Amino acid sequence: MKLRAVALGVAVIAGVYYFTTSDDSVNTQSQSQNLSSVTNQHAVTSQHNKEKTSSAEVATEAAFGKEYVLSSDTLVLFDQVIAQSESKEHDDLLEALVNTLTSMSLNTASIEWVSELFSRYVQYKATLASVKSVSHAQPFSSDDMESKLFAIQGLRQDYFSQEEILTLFGEQQLYDEMALARLRIQQDKGLSAEQKQQLLEDNIAQLPEAMKTALQPSMDIRRVQSIKAESSELTREQKLARFSAEFGEEAGQRLLAAQDKAQSWNNRVTQIKSQIALLQGDAELTDESRLAQIQALKEGHFSAQELKRLDVFLRNPQLLGQQ
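Residues numbered from 1 in each chain as written. Predicted model: local features only at pLDDT ≥ 70, side-chain atom pairs only at ≥ 80, totals over all residues. Heavy atoms only, no water.

(A) Summary view of the overall build of the protein chain. From N to C terminus, the protein chain includes 12 helices and 0 strands. Starting at the N terminus, the α and β elements of the protein chain follow one another as α-α-α-α-α-α-α-α-α-α-α-α. The buried share of the protein chain, taken over its 323 residues, is 26%. Sequence separation of at least 24 residues holds for 55% of the intrachain contacts in the protein chain that already meet a minimum separation of 6. Only carbon and sulfur atoms are counted for the fraction: they give 55% of the accessible area of the protein chain, which is about 22,000 Å². (Helix = DSSP H or I, 4+ residues; strand = E, 2+ residues; numbered from the N terminus. Buried < 20%, exposed > 50% of the residue type's maximum accessible area, 1.4 Å probe, protein only. Contact = heavy atoms within 4.5 Å. Areas by Shrake-Rupley, 256 points an atom, 1.4 Å probe, with all protein chains shown as cover.)

Okay, structure coming up:
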């Protein structure tokens, strides 16, 4: 009887121990799973926060990037984008511009309004091409130029605000107006060569320095032509002295050599013109024989490279007096 009681006690104790141990194991496993879940959740939350932070930083950079300032250089930028883009389709050009503006670290608002302005500029350029292609009588008169400039100014008003026109095209408009004034001076038959030269120099003196620099070569050419006309009766040494006094000794030597070369060419062309005229007036020659002799005459006095230039001068004899 005591033995059975002891055995029963042992069994009870064993059962209690088993259930106690099982609960602890389950609790421990549950706690471990809960801890893992919390850790994973924290990791996800942390990554999400990082992504939110990164997105916020990007948004901040976009919102607070540099502002674009409109200037005449804007057209330089636009034209560079157009010239460097392989495709001339509007959407491709716009994408190229946006990439360029983004690389300049501009803010979103600037990129948007500059892109919209660019779209209008592309449309303006397309329409401008048709305006410029309108033909005029030759030579191009100052009235023709004024008419074309008026059409261009009206076209700009169709695509841009007055403020945009002043900022983007102000310098170009000044240049065009001064160019029109120079053309009027050149075509004024009531002015002498000296008066024209002085008025042209006064015109250019009013331009910004960059424009003056661009026009200097053409002004030098006009001065050279003026000196040539004035010194037609001077000796070679006197001509050299005039050129050297105006442009320096080294440049004077080059100009005189160029004038000698041009005079030699004019003499050769004048001589062969006379010979061709004799052949053309020879009634005994057949057309075929006449053409053959004229061609042989040309080839006998001019190189293959010179023949092309000779034909131009023969078709346009007025060029002989312009060198």
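(B) Quick peek at the nonpolar core. Ranked by internal contacts, the top residues of the largest apolar core, which has 25 residues, are Phe 78, Phe 118, Tyr 121, Tyr 124 and Phe 160. Mapped by element, the contributors of at least two residues to this core are helix H2 (73–84), helix H3 (90–103), helix H4 (108–132), helix H5 (142–159) and helix H6 (162–186). The element that contributes the greatest number of residues to this core is H4, accounting for 9 residues. Setting aside residues up to four positions removed in sequence, Tyr 124 forms contacts with Ile 152, Leu 155, Arg 156, Tyr 159, Phe 160 and Phe 169. (Core = buried A, V, L, I, M, F, W, Y, C linked by side-chain atoms within 4.5 Å.)

(C) Region of the structure containing the environment of Gln 259. Along the polypeptide, Gln 259 turns up in helix H10 (residues 249–280). Relative accessible area serves as the criterion here: at 13%, Gln 259 is assigned to the buried category. The spatial distance from the C-alpha of Gln 259 to the C-alpha of Lys 239 is 10.0 Å, given a sequence separation of 20 residues. Among residues more than four places away in sequence, those in contact with Gln 259 are Lys 228, Lys 239 and Phe 243.

(D) Broad picture of the environment of Asp 176. When you line up the elements, Asp 176 lands in helix H6. Sequence spacing of Asp 176 and Glu 146 is 30 residues, and the spatial spacing of their C-alpha atoms is 9.2 Å. Those residues in contact with Asp 176, other than ones at most four positions away along the chain, are Met 145, Leu 149 and Arg 156.

(E) Expanded view of the packing of H4 against H6. Where H4 meets H6, the closest approach of the two axes is 14 Å, and the angle between their N-to-C directions is 70 degrees. On the basis of their axis angle, the class for H4 and H6 is roughly perpendicular. As for how H4 packs across H6, the hand of that crossing is right-handed. Along the contact surface, H4 presents Leu 117, Arg 120, Tyr 121 and Tyr 124, while H6 presents Glu 164, Leu 168 and Phe 169. Along the lines of polarity and charge, the residues of the contact of H4 with H6 split into 5 nonpolar, no polar and 2 charged. (Axes fitted to C-alpha atoms, helices over the stretch in contact; angles between N-to-C directions. Parallel < 35°, antiparallel > 145°, perpendicular 65-115°, else oblique. Left-handed = near helix turned anticlockwise from the far one by under 90°. Nonpolar A, V, L, I, M, F, W, Y, C, P; charged D, E, K, R; others polar.)

(F) Examining the confidence of the model for the protein chain more closely. Of the residues in the protein chain, 76% have a pLDDT of 70 or more, and the chain-wide mean is 78. Within the model, the stretch residues 1–46 combines pLDDT values under 50 with 0 contacts to residues more than four positions away or in other chains. (pLDDT = per-residue confidence, 0-100.)

(G) Focus on the packing of aromatic side chains. Counted by the stated rule, this structure contains 10 aromatic pairs. Measuring from ring centre to ring centre gives 5.6 Å for Trp 265 and Phe 302, while their planes differ by 75 degrees; the resulting arrangement is edge-to-face. With Trp 265 in helix H10 and Phe 302 in the loop between helix H11 (287–301) and helix H12 (304–315), this residue pair connects regions lying 37 residues apart in the sequence. For Phe 302, a relative accessible area of 4% puts it in the buried group. An aromatic cluster of three or more residues is present, and its members are Phe 78, Phe 118, Tyr 121, Tyr 124, Tyr 159, Phe 160 and Phe 169. Cation over ring: Arg 182 sits above Tyr 175, and NZ or CZ is 5.6 Å from the ring centre. Over the aromatic face of Trp 265 sits the side chain of Arg 309, whose NZ or CZ is 4.2 Å from the ring centroid. (Phe/Tyr/Trp six-rings, centres within 6.5 Å; stacked < 30°, edge-to-face > 60°. Lys NZ or Arg CZ within 6 Å of the ring centre and 35° of its normal.)

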